[in-house]
Amino acid sequence: MKLNPVRRKRLTLALIIVVGVGVAVGLTLYALKQNINLFYSPSQIVAGEAPLQRSIRVGGLVVPGSVQREPNSLGVVFTLTDTAQQIQVRYTGILPDLFREGQGIIAHGRLVAGGVVQADEVLAKHDENYMPPEVADSLKQAGVWRQFKQQP
Amino acid sequence: MTHAVPVPHSFYRLASPHYFYEQSGRLLPWLAAVTLVLFLTGLVWGLAFAPADYQQGNGFRIMYVHVPAAVFSMSVYVAMAVAGGIGLIWRLKVAAMVARSCAPIGAAFTFLALVTGSLWGKPMWGAWWVWDARLTSELILLFLYLGYMALQEAIEERDTADRASAVLALVGLINIPIIHYSVEWWYTLHQGATILKLGRPSIAPAMLWPLLVMLAAYGLLALLVVLLRTRNEVLERKLNI
C-alpha cells in the first residue's frame, strides 16, 4: 500500500501509541500478576503463599461428602480442593443457592493456624456449562460427567 | 479530498459524506425491519421456549440480554477505535463521524452488561459486585466510553475534538484483550468463555440458538444506531459550515 509521507508519519505515530501502551500495561499487569487474582488456590495455601491472619479469599471445589453442619447453629465445615491439595473451611451463615458438594466456591476470610480458613463470606462460582436438567442426568448416567465440571 | 475525478470503487466513494448519506438511507428501513424481527424472535425463544438450566433454573435466561450486550460493548469499542484511527491518519470525515457515533450505543451496552450481570450475580454468586478482573475491566470500559464522550464535548472545534478523542480511543484499545482474557489469565469469580473458546461450545444447542439470534440482533441494532447517528452528524456538520 502506498502512503504519502504525512499519512505514513501519522500511521507510525498511531502504531507507536498502541504498541507502547500495550507493552506498558502488559508489563504492569505481569508485575501485579498475583495481586489481580481474586483468590488463592488450596495448593498455594498449603505451600504457604497466603499470609496468616490477613483477609484473603480461597477458591476451589467443595469435596463431596465433606460438608458437616452443626446441629444447633448455622455453622458449617467443609473441605476445599483444587484436585491437588485440600484445606478446611469453617463458616457461619447462610450459603448461596448454588453451594453444593462438587461445586466451585470462593470463601472470603482469614487463614488461622493449622491451615484452616475461617470464612465470613462464601460465594458460589458458576462454571461455563449450560444444559437442560435431562442432559445433565444423562451425562451423569453415561459416566462422562467429571470432564464437564470445571477445574478451579 | 484531493481527488477531483470521481473514484469508481464504491468502498472509496463511501468516504464522501454525501454518498454515505444517500446509501445508508436506502439501507435503513431494511436494517430496522430485520433487527426488530431478530429481537422479537430471540427474546421470545430465549425467555419462553429455551429449556431451563440444570443448576440455575430459569435464572440463566438473563444471559440472552447480558451476553450480547457484553460482546458488543467490546466490538463497538474496537469499531470506534479503528474508525477513529482511520479518521486520524487519512483524515476521512466519515470515519471520524462514525467513531463519534459509536460511543453512546457502546456505553449503553456496557452499562446494560454491568447491570444485568449484577442482577444475576446476587442470587447465583451471593454478591452484587466483586472486584474480580472481568468485572473491573468491564467497568473501566464504561469509564473509557464516558471519557471519550466527555472529551468530544469538551472541545469546541470539531476536527480537534475528533483527533484528540481518537487518540484516547486508541490508547483504551488495550483494555479489550484484557477484558476478554481476564477469565483465563487470572482466577476470577466470573466463569470462563462458553462460546468463544477452543473446542465445542459448552452450552446445549437448544440454549445456544436463541443466544446466536440475540447476538445477531444486538449487532444489527448497533449498526442501525451508528448509521442513524452518523447521518445526523453529516447533516449537523453541513449546517455548521
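It should be noted that the structure appears before, not after, this text.
Not measured: the values here are computed from a predicted model.

## Digging into the overall build of chain B
Within chain B, the regular secondary structure consists of eight helices and zero strands. Mapped from its N terminus to its C terminus, chain B presents α and β elements in the order α-α-α-α-α-α-α-α. Over its C-alpha trace chain B gives a radius of gyration of 20 Å, about what one expects of a compact globule, namely 18 Å for 241 residues. In terms of overall dimensions, chain B has C-alpha extents of about 65 × 35 × 30 Å along its principal axes. Going through the 241 residues of chain B one by one, you find that 48% of them count as buried.

## A closer look at helix α6 (residues 158–172) of chain B
All names here are of chain B. Helix length check: α6 (15 residues) gives 21 Å between terminal C-alpha atoms against 21 Å at 1.5 Å per residue, within 8%. Those residues of α6 that fall on the buried side of the exposure criterion are Ala 161, Asp 162, Ser 165, Ala 166, Ala 169, Leu 170 and Gly 172. End-on, the buried residues of α6 take up no more than an arc of 160°, which puts them together on one face.

## Considering the packing of aromatic side chains
Two descriptors summarise a pair of aromatic rings, namely the distance from one centre to the other and the angle between the planes of the rings. Applying the stated criterion to the full structure yields nine aromatic pairs over all chains. Arranged with centres 5.1 Å apart and planes meeting at 65°, the rings of Phe 78 of chain A and Phe 99 of chain A form a pair that is edge-to-face. Pair noted here: Phe 78 of chain A is in strand β3 (residues 75–81) and Phe 99 of chain A is in the loop between β4 (86–92) and β5 (104–112), with a separation of 21 residues, a long-range link. Where Trp 129 of chain B meets Trp 131 of chain B, the ring centres are 5.4 Å apart and the plane angle is 80°; that geometry is what we call edge-to-face. Owing to a relative accessible area of 29%, Trp 129 of chain B belongs among the partly exposed residues under this scheme. For Trp 131 of chain B, a relative accessible area of 57% gives the class exposed. Grouped by ring-pair contacts, the aromatic residues Phe 39, Phe 109 and Tyr 218 of chain B constitute a single cluster. It is Arg 231 of chain B that lies over the ring of Tyr 21 of chain B; its NZ or CZ is 4.0 Å from the centre.

## Focus: the packing of helix α3 (residues 63–90) of chain B against helix α7 (residues 175–185) of chain B
The geometry of a pair of packed helices is captured by two quantities: the angle between their axes and the separation between those axes. Residues and elements named next belong to chain B. Packing of α3 against α7 brings their axes to within 10 Å, and their N-to-C directions diverge by 160°. It follows from the interaxial angle that α3 and α7 lie roughly antiparallel. Handedness of the crossing formed by α3 with α7: left-handed. Along its contact with α3, which presents Met 74, Tyr 77 and Val 78, the element α7 presents Ile 176, Ile 179 and His 180. Here the contact of α3 with α7 is built from residues that sort into five nonpolar, one polar and no charged.

## Here we look at the pairing of β3 of chain A
Residues and elements named next belong to chain A. With seven of seven residues buried, β3 is to be regarded as a mostly interior element. In β3, alternate side chains face the same way, and those of Gly 75, Val 77, Thr 79 and Thr 81 on one face and Val 76, Phe 78 and Leu 80 on the other are all buried. Alignment of strand β1 (residues 55–62) against β3, held across two bridges, turns out to be antiparallel. Counted as the bridge partner of Val 62 is Leu 80 from β3. Both strand β2 (residues 68–69) and β3 contribute to a ladder of two bridges, which runs antiparallel. Within the sheet, the bridge partner assigned to Arg 69 lies in β3 and is Val 76. Remark: five residues form the turn of the hairpin made by β2 and β3, two consecutive strands paired antiparallel. Across seven bridges, the pairing between β3 and β4 is antiparallel. Looking at β4, one finds that Val 77 is bridged to Arg 90.

## Notes on the nonpolar core
In terms of nonpolar packing, the biggest core is built from 48 residues, with Tyr 64, Tyr 77, Met 80 and Tyr 145 of chain B touching the most fellow members. Counting only elements with at least two residues in this core, the list comes to α3, α4 (93–124), α5 (133–154), α6, α7 and α8 (205–240) of chain B. With 13 residues, the top contributor of residues to this core is α3 of chain B. Listed in part, the 20 residues of the second largest apolar core include Ala 50, Ile 56, Val 62 and Val 76 of chain A.

## Considerations on the interface of chain A and chain B
If you look at the interface, chain A gives 41 residues, while chain B gives 42 residues. Overall, the association of chain A and chain B removes approximately 3700 Å² of surface from exposure, summing both partners, and the carbon and sulfur fraction of that is 64%. On the chain A side of the interface with chain B, the three residues burying the most area are His 126, Glu 128 and Tyr 130 of chain A, jointly 19% of the side's total. Viewed at the interface, chain B and chain A are joined by zero salt bridges.

## A short note on the packing of α3 of chain B against α6 of chain B
Residues and elements named next belong to chain B. Contact pair α3 / α6: the axes reach a minimum separation of 8 Å and the direction vectors enclose 135°. Classified by the angle their axes make, α3 and α6 are oblique. In the packing of α3 onto α6, the handedness of the crossing is left-handed. Contacts from Tyr 77, Met 80, Ala 81, Gly 84, Gly 85 and Leu 88 in α3 reach Arg 163, Ala 166, Val 167, Leu 168, Ala 169, Leu 170 and Gly 172 in α6. Here the residues of the contact of α3 with α6 are counted per class, giving nine nonpolar, three polar and one charged.

## Re a nonpolar patch on the surface
A cluster of nonpolar residues, Val 44, Trp 45, Phe 49, Trp 209 and Leu 212 of chain B, forms a patch on the protein surface that exposes about 530 Å² of accessible area. Where the nonpolar patch is concerned, the elements lending two or more residues are α2 (17–49) and α8 of chain B.

## A closer look at the pattern of salt bridges
Residue and element names in this part refer to chain B. A complete count under the given rule lists four salt bridges over all chains for this structure. Taking the shortest distance from any N to any O, the salt bridge between Arg 100 and Glu 153 comes out at 3.3 Å. Of the two residues, Arg 100 is situated in helix α4 and Glu 153 in helix α5; the sequence distance between them amounts to 53 residues. Relative accessible area serves as the criterion here: at 54%, Glu 153 is assigned to the exposed category. Close ionic contact of Glu 233 with Arg 100 constitutes a salt bridge, the shortest N to O distance being 2.8 Å. Of this pair, Glu 233 sits in helix α8 while Arg 100 sits in helix α4, and the two are 133 residues apart along the sequence. Exposure class is identical for Glu 233 and Arg 100. Each is buried. The network of salt bridges with common partners includes Arg 100, Glu 153, Asp 162, Glu 233 and Arg 237.

Rules of the game
Residues numbered from 1 in each chain as written. Chains lettered and ligands numbered in written order. Predicted model: local features only at pLDDT ≥ 70, side-chain atom pairs only at ≥ 80, totals over all residues. Heavy atoms only, no water. Helix = DSSP H or I, 4+ residues; strand = E, 2+ residues; numbered from the N terminus. Rg over C-alpha atoms; globule rule 2.2 N^0.38 Å. Buried < 20%, exposed > 50% of the residue type's maximum accessible area, 1.4 Å probe, protein only. Expected span 1.5 Å × (residues − 1). Arc of directions from axis to C-beta. Phe/Tyr/Trp six-rings, centres within 6.5 Å; stacked < 30°, edge-to-face > 60°. Lys NZ or Arg CZ within 6 Å of the ring centre and 35° of its normal. Axes fitted to C-alpha atoms, helices over the stretch in contact; angles between N-to-C directions. Parallel < 35°, antiparallel > 145°, perpendicular 65-115°, else oblique. Left-handed = near helix turned anticlockwise from the far one by under 90°. Contact = heavy atoms within 4.5 Å. Nonpolar A, V, L, I, M, F, W, Y, C, P; charged D, E, K, R; others polar. Pairing = 2+ DSSP bridges. Core = buried A, V, L, I, M, F, W, Y, C linked by side-chain atoms within 4.5 Å. Buried area = accessible area lost by both parts, 1.4 Å probe. Salt bridge = Lys/Arg side-chain N within 4 Å of Asp/Glu carboxyl O. Patch = residues over 30% accessible without salt bridge, like charges linked within 9 Å, V, L, I, M, F, W, Y side chains within 5 Å. Areas by Shrake-Rupley, 256 points an atom, 1.4 Å probe, with all protein chains shown as cover.

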